[in-house]
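Analysis of the macromolecular model
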Amino acid sequence: MGSTIPRARVEGDAPRLEPMLDLEWSRAIELPQAVMTAATPAELRRAWVHRAPEDNVLALYRASSGMAGPIPAPWWLRAMADGKLDTREQGFRVEDRIAQLLGPRPGWEFVPWAADGESGYWEFMPSERGKSGHAIPTTVVNTDRHPGWIDVLPAHTGRTPDPIPVAGLAGLRSRLGVFEAVR
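Everything in this summary refers to the structure shown in the same document.

Parameters and conventions
- Residues numbered from 1 in each chain as written.
- Predicted model: local features only at pLDDT ≥ 70, side-chain atom pairs only at ≥ 80, totals over all residues.
- Heavy atoms only, no water.
- 1 Å grid on protein atoms, 1.4 Å probe; cavity = no way out; pocket = protein on both sides within 12 Å on 5 of 7 lines; lining within 4 Å.
- Points joined across faces, edges and corners; volume = space filled by probe spheres on them.
- Nonpolar A, V, L, I, M, F, W, Y, C, P; charged D, E, K, R; others polar.
- Helix = DSSP H or I, 4+ residues; strand = E, 2+ residues; numbered from the N terminus.
- Expected span 1.5 Å × (residues − 1).
- Bend = angle between axes of the 7 residues up to and from the residue.
- Buried < 20%, exposed > 50% of the residue type's maximum accessible area, 1.4 Å probe, protein only.
- Contact = heavy atoms within 4.5 Å.
- Polar contact = N/O pair within 3.5 Å; in protein donor to acceptor, adjacent residues only side chain to side chain.

1. Notes on the layout of surface pockets
By volume, the largest pocket amounts to about 190 Å³. Every residue along the wall of the largest pocket is listed here: Ser26, Ile29, Glu30, Leu31, Met36, Pro112, Trp113, Ala114, Ala115, Asp116, Gly117 and Glu118.

What follows is the structure in structure tokens.
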């Protein structure tokens, strides 16, 4: 009759523990609950990816994204990993300049609760449920899709329209009248 008691482990067959990259990355982009009331992207920069040495952030991002495809990450980190931005600070400057432009303008509101890892976005509230009746307001988001770093999603109802690429802050400034005309 066989024994139902498992044999004792010896040192050589102890389980090997390896870091769980998904969990480590999740913690790297995790923001404290208090920042959900942030009024600018700068007020959101409290996660490890915003403060840790850039080479460590890039190394963890690359290791994590190599495991299972795309992972949640700030637009500027994806741009850095692709060699399109030199530093995280350049990305922060883009976000801060948009905040300086849109923050004082009537109708624009910063939305801090974007997708995991993202830097928030700006909505033009008068374009939502105004005369045109759109359910989703005009939205300004940062992107790594092109070197202007800014996309605008027009106010809409139903299917999300293709983003409009904007040629940087100067391009956004020059087209604000058109974007704000939808009410």
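2. A few points about empty space enclosed by the protein
Here the idea is plain: a probe the size of a water molecule rolls over the atoms and shows the empty space left. Throughout the structure, instances matching the rule amount to two cavities of 30 Å³ or more. Considering only enclosed or pocket space, the largest cavity measures out at about 50 Å³ in volume. As for the largest cavity, its lining consists of Leu31, Pro41, Leu44, Arg45, His50, Trp76, Phe92, Glu95, Glu118 and Ser119. A class-by-class count of the residues in the lining of the largest cavity yields five nonpolar, two polar and three charged. Considered as a void within the structure, the second largest cavity measures approximately 40 Å³ in volume. Around the second largest cavity, the lining residues are Ile29, Leu31, Ala47, Val49, His50, Pro74, Gly117 and Glu118. A breakdown of the residues in the lining of the second largest cavity according to their chemical character gives five nonpolar, two polar and one charged.

3. Notes on helix 6 (residues 168–180)
With 13 residues, helix 6 extends 17 Å between its outermost C-alpha atoms, agreeing within 8% with the 18 Å of an ideal straight helix rising 1.5 Å per residue. Along helix 6, the helix axis deviates most sharply at serine 174, where the bend reaches about 45°. Residues Gly168, Gly171, Leu172, Leu176, Phe179 and Glu180 constitute the buried set of helix 6. Taken together, the buried residues of helix 6 touch helix 5 (88–102), strand 1 (108–111), strand 2 (121–124), strand 3 (138–142), strand 4 (150–153) and strand 5 (164–166).

4. Comments concerning the environment of glutamate 118
The residue glutamate 118 is located in the loop between strand 1 and strand 2 in this model. Separated by 41 residues in sequence, glutamate 118 and leucine 77 have C-alpha atoms that sit 9.8 Å apart. When neighbours within four sequence positions are excluded, glutamate 118 is seen to be in contact with Ala73, Pro74, Trp75 and Arg78. At 2.8 Å, the side chain of glutamate 118 forms a polar contact with the side chain of arginine 78.

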